[in-house]
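One letter stands for each residue in the lines below.
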Amino acid sequence: MVQQEPAGAPGLAEGEAAAGTAVEVRLSRRRWAVVLLFSSYSLCNAFQWIQYGSINNVFTRFYGVSAFAIDWLSMCYMVTYIPLLFPVAWLLDKRGLRLIALAGSALNALGAWVKLGSLKPQLFPVTVLGQVICSIAQVFILGMPSCIASVWFSSHEVSTACSVAVFGNQLGIALGFLVPPVLVPNLEDLEKLAYHISIMFFMTAGVATALFILVVIVFKEKPLHPPSRAQALVQSRTTEEYSYVQSIRRLLHNANFLLLMVTYGLNVGCFYALSTLLNRMVIHHYPGEEVNAGRIGLTIILSGMVGALISGIWLDRTKTYKFFMTGYLPLGFEFAAELTYPESEGTSSGLLNVSAQIFGIAFTISQGQIMDHFGTKAGNLFLCSFLFLGTIMTAFIKADLRRQQANLDNEQMCYDSVAVTRRRLTLGCELPKDAELSLCRHHTSHGNTVPLAVYSFCVTVGFPLSLPSGGAIPQRRK
């Protein structure tokens, strides 16, 4: 069943709604299929990010390279993202979700197939090439969750939808910790080791290809109708009114958003460093425990996934963004969208990810060097100090929820319009012809013509339009 929200009142967006049209706000049945499909190919890409790091010692021996070289197979995801963010974010703003989804899923599949050409010890450059292609695919993926949530979901579902979108990325990392140690045991025979690596690469390539085909078939640009009044307002803006460069400048002058960028970067950067170096930490103290190292990583990710889902559901009801430190990935995207509305969600989430990549590179290299010279404990204390700093800085972010306020303002306009309409009907007055709304004939006791948006809203909230004489102006329902 298609759920419908009340449409905006006359004056939903001053000067921005096209004359002669009523904005119909409706939820699409396809929305959950879209977000789950995105979550699936994001999962596949995240799995490929950590599949080397989770068995760092195995690939170090197979390719005959240093542990630091294997670390760079993870860090290349971070390095690639920084210069490519702005071109991809520009494409997202200009060409929309479908093109970005097709590019991300296609590159993810291509990178997986290239890795199949690196099943000999001397072919390490080929596996680097495949991983770089996957890292480019990641640029087309990381900025999508908040965009999909805003374009496809209502104002009461955006945080949950964003959490589900990020959920796939986290589940992919969890599987990246769990599966490679099981599929690729630490064998002395390099030929047998190559065989086990090929199984993992073939499985990944097959899944990535199937997901790309599904994206081609299922993934649409946007629903037929905007899912919320805030999204209707954004869609009413003409292309000429939007400047990508000016949008970035406004974001960088937003003090709350800048604070969020730093705290998000500190938190997620520590996570990236820990994920990349976890195998080295465990194997240093417990040689031969690759499988248990993967289980430790799995436990870390599952805890974060639970926090992400709980925070997403809770935030849809309370909007208390700054009080959550668990599930920081979806929280950061949604908090940024609230703080920076009506700027593009792709741009704000992209800048958050740039911050995370920069801190991730710095933390991974720094912690690796600290571990080599001073031990694992010193490296972990290094990360903990920055997490504590990020916690303190989060307390200074003002919860300026602009997107929620836009929804509330337009909802209030709609209630005010209903009150005026009902008063006119009660008094038997003719309603004015509103040039900005389509009109429908509603056969009340007075035979008046009622604006379609007002009529739809009255039906939704239960205000009768067929009124007895002397009715009172309706009050907003609690």
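Each chain has its residues counted from 1, following the order in which its sequence is written. Restriction of local features to residues with pLDDT of at least 70 applies here, the model being predicted, together with a cutoff of 80 or more for giving and counting side-chain atom pairs; totals for whole chains, interfaces and linings are based on all residues. Each side-chain value is derived from all of the structure's non-hydrogen atoms; neither hydrogens nor water enter the calculation.

Asker: Tell me about the overall build of the protein, and name the residues and values.
Answerer: Broken down by element type, the protein carries 17 helices and two strands. Residue burial is assigned from relative accessible area. The probe radius is 1.4 Å, only protein chains are included, and a residue is buried under 20% of its type maximum, exposed over 50%, and partly exposed in between. Buried residues in the protein amount to 54% of all 478 residues. Partitioning the contacts of the protein with sequence separation of at least 6, the portion at a separation of at least 24 is 78%. All accessibility values rest on the Shrake-Rupley procedure with a 1.4 Å probe; residue burial counts only the protein chains present in the view. Accessible surface, the protein as shown: approximately 20200 Å² in total, 65% of it carbon and sulfur. Strands here mean DSSP runs of E at least two residues long; helices mean DSSP runs of H or I at least four residues long; both are numbered from the N terminus. Two residues form a contact once any of their heavy atoms are found within 4.5 Å.

Asker: Give me the packing of helix H1 (residues 31-50) against helix H7 (residues 158-183): which residues, what numbers.
Answerer: Interaxial angle, 0 to 180 degrees, is taken between N-to-C directions of lines fitted to C-alpha atoms, where a helix line uses only the stretch in contact. At a minimum axis separation of 7 Å, H1 and H7 run at an interaxial angle of 30°. By the criterion of interaxial angle, the relationship of H1 to H7 is roughly parallel. For the pair H1 and H7, the crossing hand works out as right-handed. Angle categories are assigned with fixed cut-offs, so that under 35 degrees is roughly parallel, over 145 is roughly antiparallel, 65 to 115 is roughly perpendicular, and the rest are oblique. The sense of a crossing depends on the near helix, which, turned anticlockwise from the far helix by less than a right angle, makes the crossing left-handed and, turned clockwise, makes it right-handed.

Asker: Give a detailed account of the confidence of the model for the protein, specifying residues and quantitative values.
Answerer: Per residue, pLDDT captures the predictor's confidence, and it can take any value from 0 to 100. When pLDDT is averaged across the protein, the result is 77; 71% of the residues are at 70 or more. Counted against residues more than four places away or in other chains, residues 1-21, with its pLDDT under 50, gives 60 contacts. Low confidence marks residues 459-478, where pLDDT is under 50. Its contacts with residues over four positions away, or in another chain, come to 41 contacts.

Asker: Explain the packing of aromatic side chains to me, and be specific about the residues and the numbers.
Answerer: Here a ring pair, both rings aromatic, is described through the centre-centre distance and the interplanar angle of the planes. Classification of ring pairs rests on two measures: the distance between centres of Phe, Tyr or Trp rings, Trp counted by its six-membered ring, which must be within 6.5 Å, and the angle between planes, read as stacked under 30 degrees, edge-to-face over 60 and tilted in between. Counted under the stated rule, the structure contains 15 aromatic pairs. The structure contains a cluster of three or more aromatic residues connected by ring pairs, namely Tyr 52, Phe 59, Phe 62, Tyr 63, Phe 124 and Phe 201.

Asker: Which residues make up helix H11 (residues 255-285), and what are the values?
Answerer: By definition here, a helix of n residues has an expected span of 1.5 Å times n minus one. Here H11 spans 44 Å end to end across 31 residues, near enough to the 45 Å set by a 1.5 Å rise per residue. Where H11 begins, the capping side chain belongs to Asn 254, and its oxygen is found 3.2 Å from the backbone nitrogen of Asn 256. Residues adjacent in sequence count toward polar contacts only when both atoms are side-chain atoms; beyond that, a polar contact is any pair of N or O atoms within 3.5 Å, and within protein one must be able to donate a hydrogen and the other to accept it.

Asker: I'd like a rundown of the environment of Ser 355, residues and numbers included.
Answerer: Assignment of secondary structure puts Ser 355 in helix H14 (residues 345-374). On the accessibility criterion, Ser 355 (8% relative accessible area) is buried. Along the sequence, Ser 355 and Val 262 sit 93 residues apart, while their C-alpha atoms lie 6.7 Å from each other. When near neighbours in sequence (up to four residues on either side) are disregarded, Ser 355 contacts Met 261, Val 262 and Gly 265. Polar side-chain contacts of Ser 355 include one of 2.7 Å to the backbone oxygen of Met 261.

Asker: Before we move on, can you summarise the packing of helix H3 (residues 67-95) against H14 with the specific residues and values?
Answerer: In the contact formed by H3 and H14, the axes pass within 9 Å of each other and the chain directions differ by 160°. Compared by their axis directions, H3 and H14 come out roughly antiparallel. Taken as a pair, H3 and H14 cross one another with a handedness that is left-handed. Per-class residue counts for the contact of H3 with H14 are 16 nonpolar, eight polar and one charged. Put simply, Ala, Val, Leu, Ile, Met, Phe, Trp, Tyr, Cys and Pro go in the nonpolar bin, Asp, Glu, Lys and Arg in the charged bin, and everything else, Gly too, in the polar bin.

Asker: How would you summarise the side chain of Gln 357 if you had to cite specific residues and measurements?
Answerer: Along the polypeptide, Gln 357 turns up in helix H14. For Gln 357, a relative accessible area of 0% corresponds to the buried category. What Gln 357 contacts, discounting residues up to four positions off in sequence, is Tyr 77, Met 78, Tyr 81, Ile 82, Gln 138, Leu 142 and Tyr 272.

Asker: An account of H3 is needed here, citing residue identities and associated values.
Answerer: An ideal rise of 1.5 Å per residue puts 42 Å on 29 residues; H3 measures up with 40 Å between its terminal C-alpha atoms. Values of bend correspond, residue by residue, to the angle between axes fitted over the seven residues ending at that residue and the seven starting there. At Leu 84, H3 shows its maximal kink, close to 55°; a proline, Pro 87, follows between one and four residues later. Note on H3: the residue one or two positions beyond its end, Gly 96, has a positive phi of about 95°.

Asker: How would you summarise the environment of Phe 47 if you had to cite specific residues and measurements?
Answerer: The topology assignment puts Phe 47 in helix H1. On the basis of relative accessible area, Phe 47 is assigned to the buried category, the value being 10%. Along the chain, Phe 47 and Pro 180 lie 133 residues apart, while their C-alpha atoms are 9.5 Å from each other. When sequence neighbours within four positions are dropped, the list of residues in contact with Phe 47 reads Gly 172, Ile 173, Leu 175, Gly 176, Val 179, Pro 180, Met 200 and Thr 204.

Asker: Got a sec to walk through the side chain of Thr 127? Specific residues and values, please.
Answerer: With respect to the element layout, Thr 127 can be found in helix H5 (residues 124-142). A polar side-chain atom of Thr 127 sits 3.2 Å from a polar atom in the side chain of Ser 118. Excluding residues that lie within four positions of it along the chain, Thr 127 makes contacts with Tyr 52, Tyr 63, Leu 73, Lys 115, Ser 118 and Phe 201.

Asker: Can you explain the pattern of salt bridges? Please cite residues and give values.
Answerer: The term salt bridge refers to a side-chain nitrogen of Lys or Arg lying within 4 Å of a carboxyl oxygen of Asp or Glu. This structure, assessed with the given rule, holds three salt bridges. One salt bridge connects Arg 61 with Glu 188, and the closest N-O pair in it is separated by 4.0 Å. With Arg 61 in helix H2 (residues 56-63) and Glu 188 in the loop between H7 and helix H8 (190-218), this pair connects stretches of sequence that are 127 residues apart. Between Arg 280 and Asp 372 there is a salt bridge; the shortest N-O distance is 3.0 Å. Of this pair, Arg 280 sits in helix H11 while Asp 372 sits in helix H14, placing them 92 residues apart in sequence.

Asker: Provide a residue-level description of the nonpolar core, including the pertinent values.
Answerer: We call a set of buried residues a nonpolar core when its members are Ala, Val, Leu, Ile, Met, Phe, Trp, Tyr or Cys and they connect through side-chain atoms within 4.5 Å of each other. In terms of nonpolar packing, the biggest core is built from 70 residues, with Leu 97, Met 144, Ile 148 and Phe 219 touching the most fellow members. Every residue in contact with Leu 97, bar those within four places of it in the chain, is listed here: Leu 92, Met 144, Cys 147, Ile 148, Val 151, Trp 152, Phe 219 and Glu 221.

Asker: Give me a nonpolar patch on the surface: which residues, what numbers.
Answerer: Residues Phe 68, Trp 72 and Val 79 make up a contiguous nonpolar surface patch of roughly 240 Å² in combined accessible area. Relative to the assigned elements, Trp 72 resides in helix H3. Only residues whose relative accessible area exceeds 30% and that form no salt bridge enter a patch; like-charged residues are grouped when within 9 Å of one another, and nonpolar side chains (Val, Leu, Ile, Met, Phe, Trp, Tyr) when within 5 Å.

Asker: So what's going on with the environment of Leu 351? Residues and values would help.
Answerer: With respect to the helices, strands and loops of the structure, Leu 351 is situated in helix H14. Under the relative-accessibility criterion, Leu 351 is labelled buried at 5%. For Leu 351 and Leu 252, which are 99 residues apart along the polypeptide, the C-alpha to C-alpha distance reads 9.4 Å. With sequence-adjacent residues up to four places away left out, Leu 351 is seen in contact with Leu 85, Phe 86, Leu 251, Leu 252, Phe 257 and Met 261.

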